[in-house]
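Structural overview
Spelled out from the first residue to the last, the chains are:
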Amino acid sequence: MNMNTADVLSLESVLVQREGNIASNMDGEKVMLNVKNGKYYNLGEVGGEIWTALASPVTAGRVVEIIRETFEVPEEIARQDVFAFLQSLLDEDLAGIVSQP
Amino acid sequence: MASTVQGLAYKAFGLHIHSEFPLPELPLTGEPGLIGSVSVIQGDLKERWEAIPKITPSLGVSGHEVMFESKDTAIFAIQDGNTITVSPAPGADPDCIRLFILGSCMGILLMQKQILPLHGSALVIDGKAYALVGRSGAGKSTLASYLMDQGNPLISDDVIPVMVHNGYPFAVPGYPQQKLWQQSLDYLGMNSSLYRPLFERETKFAVPVHDRFHGEPLQLAGLFELSAAPEAPVSLQPIQGMERFHTLYHHTYQRAIVDRIGIREWHFGMLASFVGRLPMYRLTRPEQGFSAPQQTSLILEALQQQQVKEMNS
């Protein structure tokens, strides 16, 4: 786990899904198969929304807004959770950074 | 190619099978198949085999057609989930051709029909279906045969077609025959001279099980993955989380085909639609000796615990 999440990602960072993943729904949760490494992931319900939001390039800030609207959570909590999740997508190479401010 | 098919209709894998090749191990039927019908015809595939794009030297795929060649046996074409064409090699062994029709061809055809073929045996225990999967030599057929001796009917041996209905997986019956290795027959005290070898000189035998066969689809209530390890005690652990996807992928019949015919996305979605409702266990046994009775008691114990859990939830 990267401890400097806040230094790497900012609200203006633009991210997008990497190709080569197959996603499907499993009882409300999003599950995914990375075809390249053969690994299976359970993104969960919130993670699934974040993943869907990354279908085309989007700022981390916009993703936080989407999660706040969808799950009615306070901004600070949404920001923490979204950043932590985005970082794990980056760590697993499931998403990539398109541009940094 | 013949447009009407002469011959008898058989029932297996939920299919109504019209076949120009005799398939004596299958029961005859006059009813339509649960999953549909298929024609098995003889035809000259030489030109089509030359023309089809090859994925490996012995496998070709084009659109809705999969073709493969088994040298000295036949060229096979499986089309649109409804036609199997066979072009036998001169002097080919009919028993061997039949093994391919009922094995590889049916597996590919089921996938074309979007039915998941699992590699293993399914049996009825307490009115529900349970699948035994595992690599060759893991002890599937010995355990299946032992369970049958204990009064648990067979649903399918080798290929288990799995259909999903309302989010629940169902095992569809294969046909009333079990394939057993000489060693399994020895363990089970069966006399191999009573059974037919599957091919010439093979040590795998076809054992008819008409009286111990369950011919109707049944909810698949659990899966046991068997493996053998040197000196390992007989033990059982649940398979949890995302590893369950891997287990189902790994034991999909002819899983290499899944990628090669471009149905991985369908396959993954199909697994996701029911994997949450299918308890899975890993069953380990020692390589040496006959441990089917101990394995059986662990299975029954696990099913009892599962029932208690379901009642409490």
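Residues numbered from 1 in each chain as written. Chains lettered and ligands numbered in written order. Predicted model: local features only at pLDDT ≥ 70, side-chain atom pairs only at ≥ 80, totals over all residues. Heavy atoms only, no water.

- By the naming in an unreviewed UniProt entry, chain B is Aldolase, taken from Paenibacillus sonchi.

- Going by an unreviewed UniProt entry, chain A carries the name Lasso peptide biosynthesis PqqD family chaperone and comes from Paenibacillus sonchi.

1. Structural notes on the side chain of Arg244(B)
- With respect to the helices and strands, the residue Arg244(B) is situated in helix H5 (residues 243–250).
- In this structure Arg244(B) is buried but unpaired, with Asp27(A) as the nearest side chain of opposite charge at 8.3 Å.
- A polar contact of 2.2 Å, which involves the side chain of Arg244(B), links it to the backbone oxygen of Val275(B).
- Dropping the residues within four chain positions of it, Arg244(B) is found in contact with Ile239(B), Val275(B), Gly276(B), Leu278(B), Pro279(B) and Met280(B). (Helix = DSSP H or I, 4+ residues; strand = E, 2+ residues; numbered from the N terminus. Buried < 20%, exposed > 50% of the residue type's maximum accessible area, 1.4 Å probe, protein only. Lys, Arg positive; Asp, Glu negative; His and termini not counted. Salt bridge = Lys/Arg side-chain N within 4 Å of Asp/Glu carboxyl O. Polar contact = N/O pair within 3.5 Å; in protein donor to acceptor, adjacent residues only side chain to side chain. Contact = heavy atoms within 4.5 Å.)

2. Description of the sheet that holds strand S16 (residues 204–208) of chain B
Residues and elements named next belong to chain B.
- Within the open sheet, the three strands sit side by side as S14-S16-S15. Their pairing is antiparallel. Each edge of the open sheet carries a strand with a single partner, namely strand S14 (177–181) and strand S15 (196–197).
- The pairing of S15 with S16 spans two bridges and is classified as antiparallel. Pairing of proline 197 across the sheet is with phenylalanine 205, part of S16. (Pairing = 2+ DSSP bridges.)

3. A few points about the layout of surface pockets
Residues and elements named next belong to chain B.
- If you add up the space inside the largest pocket, you get close to 510 Å³.
- Around the largest pocket sit 28 residues that line it, and Gly137, Gly139, Lys140, Ser141 and Trp181 are the ones nearest its centre.
- For the lining of the largest pocket, the secondary-structure elements that each account for two or more residues are strand S9 (116–125), helix H3 (140–149), S14, helix H4 (182–187) and helix H8 (292–312). (1 Å grid on protein atoms, 1.4 Å probe; cavity = no way out; pocket = protein on both sides within 12 Å on 5 of 7 lines; lining within 4 Å. Points joined across faces, edges and corners; volume = space filled by probe spheres on them.)

4. What about empty space enclosed by the protein?
- If you walk through the whole model with that rule in mind, you get one cavity of 30 Å³ or more.
- Around the largest cavity, the lining residues are Leu33(A), Tyr40(A), Tyr249(B), Arg264(B), His267(B), Phe268(B) and Leu271(B).
- Of the residues belonging to the lining of the largest cavity, the class tally is five nonpolar, one polar and one charged. (Nonpolar A, V, L, I, M, F, W, Y, C, P; charged D, E, K, R; others polar.)

5. Notes on the sheet that holds strand S3 (residues 29–34) of chain A
Residues and elements named next belong to chain A.
- Pairing is antiparallel across the open sheet formed by three strands, whose spatial order is S2-S3-S4. With partners counted over all chains shown, the strands left at the sheet margins are strand S2 (21–26) and strand S4 (40–43), one partner each. Here the strands of the sheet are splayed against their neighbours by 25° on average, with no regard to which way each runs.
- The sheet contacts of helix H2 (residues 44–53) involve S2, S3 and S4, and relative to S3 the element is tilted by about 60°. (Axes fitted to C-alpha atoms, helices over the stretch in contact; angles between N-to-C directions.)

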